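# Inside the fold
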Amino acid sequence: MARFSLSYRRYAAWLTALVVFVYGLFGWLVYQQYSEAKQAFEQSEREAAQRELDVLLQRALDALERRADELAQWDELYQQLANPVYFTYWYAHRIKGGHEVPPPFEALMLYDVAGRALGKETASPLPRTLAEREPTMIFNPAGSDVQVFLVRPLRRAGEETPQGFLMLSARLLPNVKRGQAFVRVDPTSLRFSLDGSTREPETLRRALTYQPRRSDSVREGDRLVRRMLFFIGLLVLLPTLGLVYFFIYLIGRNIQHMPEVVSALRQAQQSGSSVVLPSPPSGPRIRELEEAEHSLLEYQRELTLANRQLDKKNRELWSLAHLDALTGAQNRRAFENFWETLQSLGERERRSLRLMLCDVNHFKAINDTYGHDVGDGVLKAIVACLQKAVRRGEQLFRLGGDEFVSVLLDCDDSQATAVASRCAAEVARYPFRETLGIQEPVRLSIGISPATSDARTPLNRLLRQADVAMYHSKRPSSGTITLYRESLEQASGSIFSSSVNEAVYRAVETGEGLHLLYQPVRMLADNRIGYYEALLRVRHEDGLLTPAQIMPVIESRHLEKELDQAVIDALLRALYNGVIPPETGLSLNLSAASISSESIVSRLDAFRPFLPGLKIVVEVTETALITRMKEASSNLMRLRNQGFRIALDDFGSGYSSLRYLTSMPVDVVKFDISLISALDQPAHYRLVTHLVEFIGSSGHQTVAEGVEDEQTLERVREAGFSLVQGYLTGRPQALRPRGPGQLIVRPA
Amino acid sequence: MEVRGQFERWLLGLVLLVLSMVATAETVTLEMGSGVPATAEFRNADGSGDPVLILHGFLQTRDFPTVRRLAEFLADEDHPVLTPTLSLGVPKRSQSLKCEAIHTHDLDQDVDELARWVDWLYQRMQKPVVLIGHSAGGHAITRYLARYPASRMKRVILISIAPPAGRTPAAGEPQGKGELADYALAYCRRYPTTRGAFHSYADWGAKQMIDAMAKAAVPVSVVIGGADERLEPDWRALLQKAGVTLLEVPGAGHFFDDEHEFELYDNIDTLLGGDA
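Everything in this summary refers to the structure shown in the same document.

Turning our attention to the overall build of chain B. Across its full length, chain B holds eight helices and 11 strands. Relative to the compact-globule value of 19 Å for 276 residues, chain B shows a C-alpha radius of gyration of 18 Å, a close match. Taken over the C-alpha atoms alone, chain B extends approximately 60 × 40 × 35 Å along its principal axes. Classification of the 276 residues of chain B by burial places 54% in the buried group. Across chain B, the fraction of contacts at a sequence separation of at least 24, relative to all contacts at a separation of at least 6, is 71%. Summing over all exposed atoms, chain B offers an accessible surface of approximately 12000 Å²; the carbon and sulfur share of this is 50%. Between the averaged position of the 27 positive side-chain charges in chain B and that of its 37 negative side-chain charges there is a distance of 5 Å.

Pasting the structure below:
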């Protein structure tokens, strides 16, 4: 999962934006709170303004009435009522021109007791007749103002009957505004919207519209809040921006120094020269970054040192990986690398070459017999011989075990054969007996496969071809050196075909396809079957595979113990199924590895229940060199003590027949077919006769293998063998199971 | 000693002020000859001293301070005191009439109203009345002296009396009866009135007043202020020639303001035979 990553400048920008956002949010919230408080305050102000306006309106009306009452006591009014002769003159000089009417009033008119206006013609806008008789106040609309008419009866104190009446009129708005202190109401906004004449002050009050005076405190509050937010904003944003800029400057200079340091380190790393650090930035530095630089330098030093050590280890590892520690020859990996190099070169220039593969005949037996030290010595000697034999520039590789390969460049079959011959000759000349104490001759099997140095020839196929050729060389009838040809492929196809491999593997792993034949081993004295030798076959699509086909696969994969295990299990099933007739016996072949194996030997315990009724013979082939002689002898002794018989198979065909005979607890000695077939030769007959006599006198039974005709049977009988085995006396055959119910011999 | 005398007068004034608050007074209304009712303030109806009638000055009322305080003083001196307000054509007039108001009244109407009040007081108290007039109030009293018998008077005291100063309109006096014109009279520079009414006041001059005082059957006293600027230079001589008792309060003005008020009271009281 990718981690979130931004440049420090972007972080700073986001931080700034965050601060601005947070402050903006804070300011907005504060202003919202303030606005709500202001609205509540303004509502309160409106209510207060309405109350103020009510008071001022009432005060103006009261003042008008008070002034009207005062005017109603003016002596000159009574003078005019008493003697209205000069009323017109009086009205013109005292009212209109005399400025005697109190300022609130615009017009005045006197009426006699009948309600008739005094005088005949006046400029008064007031009516000529008056219906009112009581003190009255009437409001008439006059545009956006109201005309107030006041009527007062004119009577002196103590008088019941009025002497006349007075009507006054005035504009209301100027009287509302005049001399009054407007605190919450804007006096210029006052407007009346009276629909018609009324005498109700409440109606008048409702008709008065106004605009509240914008409170100084609200204005001041607005100004203070805005100024506060502005200055707080400055106090927050300016230091924030300053800090951000400072950190960008500080961190940026220091951070930007880091890539320069890294670049210098990389340059030094690439050039191998010493590190020349760029000069640090001027101004303050960041301790963590300085420490990081120092750590980087230290890390660089350690890295350089580690690289050097690694180079050394790599070289050592390369040597380990590409050189065989034992022989000093190059190993399989080196060979593969060499082949790849060769192929890459071959793309430009196709060259003819030969792959020479060789191994040491019976090396495993040598190794097991003489020990690993001797085996190692053999390998070193072989390498020395081969390196001496190959041409200049040609390299020798050890593929593993006793297998060596060399690529012979620019070479045809004859030249390759010549090189291979030199190799074989060098090995043949080597004094193994003198230097390593090896009595047997050490020989090579060499296979040569043709190839070209291009990518079209897979290495595996070449190796396989060389392997086929080399195995062909191992055949008794073949020479030491074999050139690969396709016919060899067909001959060995059964051995290496994948279907054979699969059949063998399946038989070993699951027992499926494992097929046992039983060849009787008869007693020469009375021709009774002494026991049956179980012979291994594996079912294959082409028929039954013989040991000659099975064993190379087993040996090439070292599956000897697994095979023996499978055979043991199959034999046990056969015994339980009553396959083996009573009064006879059963022999099974064990490999050298199995004889030394505790698990295999322990597995043989399963045969013990059958021992009282059957003869169970464990055959050990003389040709298979036993590596762990001590363990093998111990195990065989253990088996013998448990009632098993031990047979030495193929006696006379191996390396150490007598040594095995003397060092292992053997009951039965089975003479190799090569000894039996040569009985027609008198000298050989005498030797074998003496051997049979000698071995028989030692308490061993002797078995003659490969008896296929009557003459041979007669000679064998004459030679003194106690048991005989061969096609003449009994072919390998499958025995039908008699079933558990027909078992004569049952486990104890 | 002078300081002590002033203190005593102040103390006396304070006592009078307190007493005046408790003194009884009634408003009397009389219908005058023109049918217009007029009112007067009658103080201390039960007073044992000589009944006194005090008449206010030109266009003023009985509430004029000089008149009111003198009335209160005399009421306190146990004199029944009547202070009428001349109607000047205004029913139950209670305010001083502005110069610019229409003035249809004349001196005869004023004298007639004075006579009615003298009669009323005389009949009420059954004693001859002491007539006191302030300023132009003295004009009506002198004309009353000339017209009415002295049987109802005991004494006449004229305070700050001076001859009237009048001026006819520059454009000439109106010829029509009852026609108004702007005259000048006394302190009024514009005085709308009729020709007859104007002349009734303007023509009752120094000579007529001196003659009336000289021929009076009752003692006539005149109290003037030494600093009264309205007095003509020869006015004192004329008064002395008329044989009146002339008392002059040094430094006092036309209205006897401030401390001169008490000196006026002292003189009045002396003239009325009191102790003060």
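Having put the structure on the table, let's press on.
Turning our eyes to something else, we now look at the overall build of chain A. Counting secondary structure elements, chain A contains 25 helices and 20 strands. Its C-alpha atoms give chain A a radius of gyration of 67 Å, clearly above 27 Å, the size a compact globule of 748 residues would have. Seen through its principal axes, chain A has C-alpha atoms that stretch 205 × 80 × 45 Å. By the burial criterion, 47% of the 748 residues in chain A qualify as buried. Once local pairs closer than 6 in sequence are excluded, the contacts in chain A between residues at least 24 apart make up 67%. Total accessible area on chain A stands at roughly 38500 Å², and carbon and sulfur atoms take up 54% of it. Separation of charge centres in chain A, based on 88 positive and 89 negative side chains, amounts to 4 Å.

Okay, the packing of aromatic side chains next. By convention here, two paired aromatic rings are described through the distance between centres and the angle between planes. With the rule as written, the count across this model stands at 22 aromatic pairs over all chains. Ring centres 5.3 Å apart and planes at 50 degrees place the aromatic pair phenylalanine 64 of chain B and phenylalanine 255 of chain B in the tilted group. Separated by 191 residues along the polypeptide, phenylalanine 64 of chain B in the loop between strand 3 (52-55) and helix 2 (65-76) and phenylalanine 255 of chain B in the loop between strand 11 (245-249) and helix 8 (260-271) bring together distant segments of the chain. Exposure remark for phenylalanine 64 of chain B: the relative accessible area of 18% places this residue in the buried category. One aromatic cluster is present, formed by Trp74, Phe87, Trp90 and Tyr91 of chain A through successive ring pairs.

Listed by partner, the interface residues are 20 residues for chain B and 18 residues for chain A. Buried area between chain B and chain A, summed over both chains or domains, comes out near 1500 Å², and the portion from carbon and sulfur atoms is 52%. For chain B, the biggest contributors to the area lost against chain A are Pro91, Gln95 and Ile102 of chain B; these three give 34% of the whole. Where chain B touches chain A, the interface holds one salt bridge. Residues glutamate 159 of chain A and lysine 92 of chain B are paired through a salt bridge, measuring 3.2 Å at the closest nitrogen-oxygen approach. Where chain B touches chain A, the interface holds nine residue pairs in polar contact (both at pLDDT 80 or more). Counting only elements with at least two residues in the side of chain B that touches chain A, the list comes to strand 8 (180-185) and strand 9 (188-194) of chain B. Take the side of chain B that touches chain A: its biggest share by element is three residues, from strand 9 of chain B.

Let us now look at the side chain of asparagine 175 of chain A. Position of asparagine 175 of chain A relative to the elements: it lies in helix 4 (residues 172-177). A distance of 2.4 Å separates a polar side-chain atom of asparagine 175 of chain A from the backbone oxygen of arginine 171 of chain A.

Scanning the entire structure with this criterion turns up 42 salt bridges over all chains. Counted as one network, the salt bridges with shared partners bring together Asp54, Glu202, Arg205 and Arg206 of chain A.

Right, let's get into the sheet that holds strand 4 (residues 164-171) of chain A. Strand pairs in the sheet, formed through backbone hydrogen bonds, run parallel or antiparallel to each other. Residue and element names in this part refer to chain A. As summarised here, the arrangement of the four strands in space is 1-4-3-2, forming an open sheet in which the pairing is antiparallel. Strand pairing shows two members of the sheet lacking a second neighbour, strand 1 (107-111) and strand 2 (136-142), which therefore form its edges. Ignoring strand direction, the axes of neighbouring strands in this sheet form an average angle of 20 degrees. Judged from the seven bridges that link them, strand 2 and strand 3 (residues 145-154) form a sheet pairing that is antiparallel. Bridge pairing links methionine 137 to leucine 150 in strand 3.

Further remarks concern helix 7 (residues 287-322) of chain A. Residue and element names in this part refer to chain A. Taking 1.5 Å per residue as the helical rise, helix 7 with its 36 residues ought to reach 52 Å, and the 49 Å between its terminal C-alpha atoms agrees with that figure. Buried within helix 7 we find Leu289, Glu293, Leu297, Gln300, Ala321 and His322. At its buried positions, helix 7 is contacted by helix 6 (216-271) and helix 8 (332-346).

A separate point is the environment of serine 263 of chain A. Residues and elements named next belong to chain A. Looking at the element boundaries, serine 263 is found in helix 6. For serine 263, a relative accessible area of 35% gives the class partly exposed. As for serine 263 and alanine 117, which are separated by 146 residues in sequence, their C-alpha atoms are 116 Å apart.

It is worth spelling out the sheet that holds strand 9 (residues 403-409) of chain A at this point. Residues and elements named next belong to chain A. The strand order across the open sheet built from five strands is 8-9-7-10-11, with neighbouring strands paired in mixed fashion. The sheet terminates laterally at strand 8 (396-400) and strand 11 (481-483), the two strands that pair on one side only. Geometrically, the sheet is characterised by an average inter-axis angle of 25 degrees between neighbouring strands, direction not taken into account. With six bridges connecting them, strand 7 (residues 352-360) and strand 9 associate as antiparallel partners. Counted as the bridge partner of arginine 354 is leucine 408 from strand 9. Across the sheet, helix 11 (residues 413-429) touches strand 7, strand 9, strand 10 (444-452) and strand 11, and the angle it forms with strand 10 is around 155 degrees.

Attention shifts here to the side chain of asparagine 635 of chain A. Following the sequence through the fold, asparagine 635 of chain A ends up in helix 21 (residues 629-642). Setting aside anything within four residues of it in sequence, one finds asparagine 635 of chain A in contact with Ile595, Ser596, Ser597, Glu598 and Val601 of chain A.

Quick look at helix 6 (residues 206-215) of chain B now. Residues and elements named next belong to chain B. Within helix 6 the residues assigned to the buried category are Met209, Ile210, Ala212 and Met213. Seen from one end, helix 6 has its buried residues packed into an arc of 160 degrees, which puts them on one side. With respect to the buried face of helix 6, the exposed residues turned more than 90 degrees away are Lys207 and Lys215. Its buried side turned inward, helix 6 meets helix 4 (137-147), strand 6 (153-159), strand 10 (220-225) and helix 7 (235-242).

Of all hydrophobic cores here, the largest spans 118 residues; its most connected members are Trp90 and Leu172 of chain A together with Leu53, Trp117, Leu131 and Met213 of chain B. Beyond its immediate chain neighbours, meaning those up to four positions away, tryptophan 117 of chain B contacts Val28, Thr29, Leu30, Met32, Ala38, Thr39, Ala40, Leu53, Leu82 and Pro84 of chain B. With 71 residues, the next largest nonpolar core counts Ala507, Ala534, Ile554 and Leu713 of chain A among its residues.

Moving on: the pairing of strand 16 (residues 615-621) of chain A. Residue and element names in this part refer to chain A. In terms of residue burial, strand 16 counts as a mostly covered element, since seven of its seven residues are buried. Burial along strand 16 is two-sided: the residues Lys615, Val617, Glu619 and Thr621 and Ile616, Val618 and Val620 are all buried. With six bridges joining them, strand 15 (residues 585-590) and strand 16 adopt parallel strand pairing. From the neighbouring strand, leucine 590 faces strand 16, where its bridge partner is valine 620. Across five bridges, strand 16 lies against strand 17 (residues 645-651) in parallel orientation. Paired with valine 617 across the two strands is arginine 645, which belongs to strand 17.

This brings us to the packing of helix 8 of chain A against helix 13 (residues 459-474) of chain A. Helix packing for two helices is described by the angle between their axes and how far apart those axes are. Residue and element names in this part refer to chain A. It is the contact of helix 8 with helix 13, at a shortest axis distance of 11 Å, that shows an interaxial angle of 120 degrees. One finds that helix 8 runs oblique with respect to helix 13. Here helix 8 contributes Arg332, Phe335, Glu336 and Trp339 to the contact with helix 13, which in turn contributes Leu459, Leu462 and Leu463. Across the contact of helix 8 with helix 13, the residue classes tally to five nonpolar, no polar and two charged.

Glancing now at unusual backbone geometry. Unlike most non-glycine residues, glutamate 583 of chain A shows phi in positive territory, near 70 degrees. Looking at where glutamate 583 of chain A falls in the secondary structure, it is placed in the loop between helix 18 (560-576) and strand 15. Accessibility expressed as a relative area gives 66% for glutamate 583 of chain A, which makes it exposed. One non-glycine residue, phenylalanine 256 of chain B, lies in the positive phi region at around 50 degrees. Mapped onto the elements of the fold, phenylalanine 256 of chain B is located in the loop between strand 11 and helix 8. Take phenylalanine 256 of chain B: its relative accessible area is 2%, and that puts it in the buried class.

Conventions adopted
- Residues numbered from 1 in each chain as written.
- Chains lettered and ligands numbered in written order.
- Predicted model: local features only at pLDDT ≥ 70, side-chain atom pairs only at ≥ 80, totals over all residues.
- Heavy atoms only, no water.
- Helix = DSSP H or I, 4+ residues; strand = E, 2+ residues; numbered from the N terminus.
- Rg over C-alpha atoms; globule rule 2.2 N^0.38 Å.
- Buried < 20%, exposed > 50% of the residue type's maximum accessible area, 1.4 Å probe, protein only.
- Contact = heavy atoms within 4.5 Å.
- Areas by Shrake-Rupley, 256 points an atom, 1.4 Å probe, with all protein chains shown as cover.
- Lys, Arg positive; Asp, Glu negative; His and termini not counted.
- Charge placed at Lys NZ, Arg CZ, Asp CG, Glu CD.
- Phe/Tyr/Trp six-rings, centres within 6.5 Å; stacked < 30°, edge-to-face > 60°.
- Buried area = accessible area lost by both parts, 1.4 Å probe.
- Salt bridge = Lys/Arg side-chain N within 4 Å of Asp/Glu carboxyl O.
- Polar contact = N/O pair within 3.5 Å; in protein donor to acceptor, adjacent residues only side chain to side chain.
- Pairing = 2+ DSSP bridges.
- Axes fitted to C-alpha atoms, helices over the stretch in contact; angles between N-to-C directions.
- Expected span 1.5 Å × (residues − 1).
- Arc of directions from axis to C-beta.
- Core = buried A, V, L, I, M, F, W, Y, C linked by side-chain atoms within 4.5 Å.
- Parallel < 35°, antiparallel > 145°, perpendicular 65-115°, else oblique.
- Nonpolar A, V, L, I, M, F, W, Y, C, P; charged D, E, K, R; others polar.

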